[in-house]
Structures are given as C-alpha cells and as structure tokens.
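Structure at a glance
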Amino acid sequence: MCRAVYERIYDPEQGLYYYHNTRTKETTWEKPLLLRGAESDVFTPRTRKKKEREVLLTPELAATMMQRAYRRKKGFQNLLRLCRSVYERIYDPEQDMYYYHNTRSKETTWEKPLLLRGAESDVFTPRSRQKKMHTLMSAVNRTPSRELTEVEAATRLQGLYRAKKAKDELGARLMQRFKQAVDPSSGQVYYVNLLTEEVSWDPPALLLRAGVQIETFDE
C-alpha cells in the first residue's frame, strides 16, 4: 500500500532522489520508514504508470487492446499499400535526385510522401510499377475463379498438351523453311526463306512469335 502511494524522483540539481506522496502531494528527502529496505520496489513516475496499467489490465481488456492494435496495423498496411500504388519514384538526371509523382493527381514533389517514408524499396519506378501490375494481372488471369471439376481439369490439360504439340510442330516446320547466315562483309546476320529464296536482315515475324532458334549455315 505504501509503495503504491510513493514515487521516487531524481533531482538533477541536487543529484539526489526525493520521495513524493501522490495522495498528500508532500515531498521528502528522507525515505519513508515503511519503504526502507525495499529500494527496488519504490516506483518512479514512469514505472508507476506502467505498473498501474498492468494491474488494471484484465484478460478481456487485454484481448480488446490486442484486437484494436491488430486492426490498426492492418489498416495502416492497407493505407500504405494504396499509397505505394499511387506514387512513382522517378530519377531526374539534371538534378541527380529522385522525385515523386502522384499518378492520380499528376502532382510531383521532391519530398518523399509522409506515408512512404521508411519504405524506399517498395516505392515503384515507372518500369517496376508496370512490371508489378503485369505480374498481378497475369496471376489474376491464371487463377481460376472456382475449383475445377475433374472433367474441366482434364480438358484443360489436354488443351495445354495440344497447344504445346502444335507449337513444337510449327517450330520444326519453321526450322526447315528458314535459315540464318552471317554476311562476311558486314558481320551481320541475315535470314533466308528456303521456300521463296527471299533474304531479309530482319528476323521473320513467325520466328519471333514462336520463339524458335534456327540453324546457321555457311555460305
């Protein structure tokens, strides 16, 4: 009871502790008689408030505080994620500095937005932003909206197999039709259509689309 009433406060001018009675507001340099021999249990103002919170904290109140802290954290994370999706970090070569561009309001600022401070790696540049959005959209398109039945899964697998087989057959035919060679005078690669005997410096569109690597022959 006596320990709960008194506080031990440091006086920097005197370099000593004095004792404060929180009920009567009286102070004394001498340690109260009932507190002698219990130096570690005499509260400072900070430890006193901490102890009071621990005493008053019931299991129900603790659970409520934890839920509130969790919701606050999740809300801040969602707000931060939204803010990161709005801003771009762009390099200015003339100033040799980064500035921040709000993709919605079109405003720019040299100062990093308050909510983004401490999250440098998560602020997208225009290129990384576009790449991230492409990755997210690809994941959404690949993810089925519902679980497939056995028949639907089998049909999808068959479709993937037929598509791969058709691509392999197309690649084999393109390799028979096109060849590439190196021009000895310029050192550049050119492409020959063996069927029409046409020559082109640019790779045929079919090869680029199919991603086929064709053979090189010597003249």
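As the structure is a computational prediction, the values presented were derived from the model and not from experiment. Within every chain, residues take consecutive numbers counted from 1 along the sequence as written. Note on the predicted model: pLDDT of at least 70 is required for a residue's local features to be given, and 80 or more for side-chain atom pairs to be given and counted; whole-chain, interface and lining totals, by contrast, use all residues. Side-chain numbers here rest on the full set of heavy atoms in the structure, without hydrogens or water.

**Considering the sheet that holds strand β3 (residues 27–28)**
Backbone-to-backbone hydrogen bonds join strands into a sheet, with any given pair of strands oriented parallel or antiparallel. DSSP bridges decide pairing: two strands pair if at least two such bridges lie between them. Numbering of helices and strands runs from the N terminus, with a helix taken as a DSSP run of H or I at least four residues long and a strand as a DSSP run of E at least two residues long. If you walk across this open sheet you meet the three strands as β1-β2-β3, and the pairing is antiparallel. Each edge of the open sheet carries a strand with a single partner, namely β1 (6–11) and β3. Here six bridges tie β1 to strand β2 (residues 16–21), and the two strands are oriented antiparallel to one another. Bridging across to β2, arginine 8 finds its partner in tyrosine 19.

**Overview of unusual backbone geometry**
Residue lysine 25 is not a glycine yet carries a positive backbone phi of 65°. Turning to its location among the elements, lysine 25 is positioned in the loop between β2 and β3. Burial classes: relative accessible area under 20% of the type maximum marks a residue as buried, over 50% as exposed, and values in between as partly exposed (1.4 Å probe, protein chains only). With relative accessibility at 58%, the residue lysine 25 sits in the exposed group. The backbone phi angle of glutamate 197 is positive, close to 65°, even though this residue is not glycine. The residue glutamate 197 is located in the loop between β8 (189–193) and β9 (199–200) in this model. Given the relative accessible area of 66%, glutamate 197 is considered exposed.

**Re helix α3 (residues 59–86)**
By definition here, a helix of n residues has an expected span of 1.5 Å times n minus one. Compared with the 40 Å implied by 1.5 Å per residue over 28 residues, the 41 Å span of α3 between its first and last C-alpha is a close match. Looking only at α3, the buried set comprises Leu80, Cys83, Arg84 and Val86.

Interpretation note: all reported values are geometric properties and have no functional meaning in isolation.
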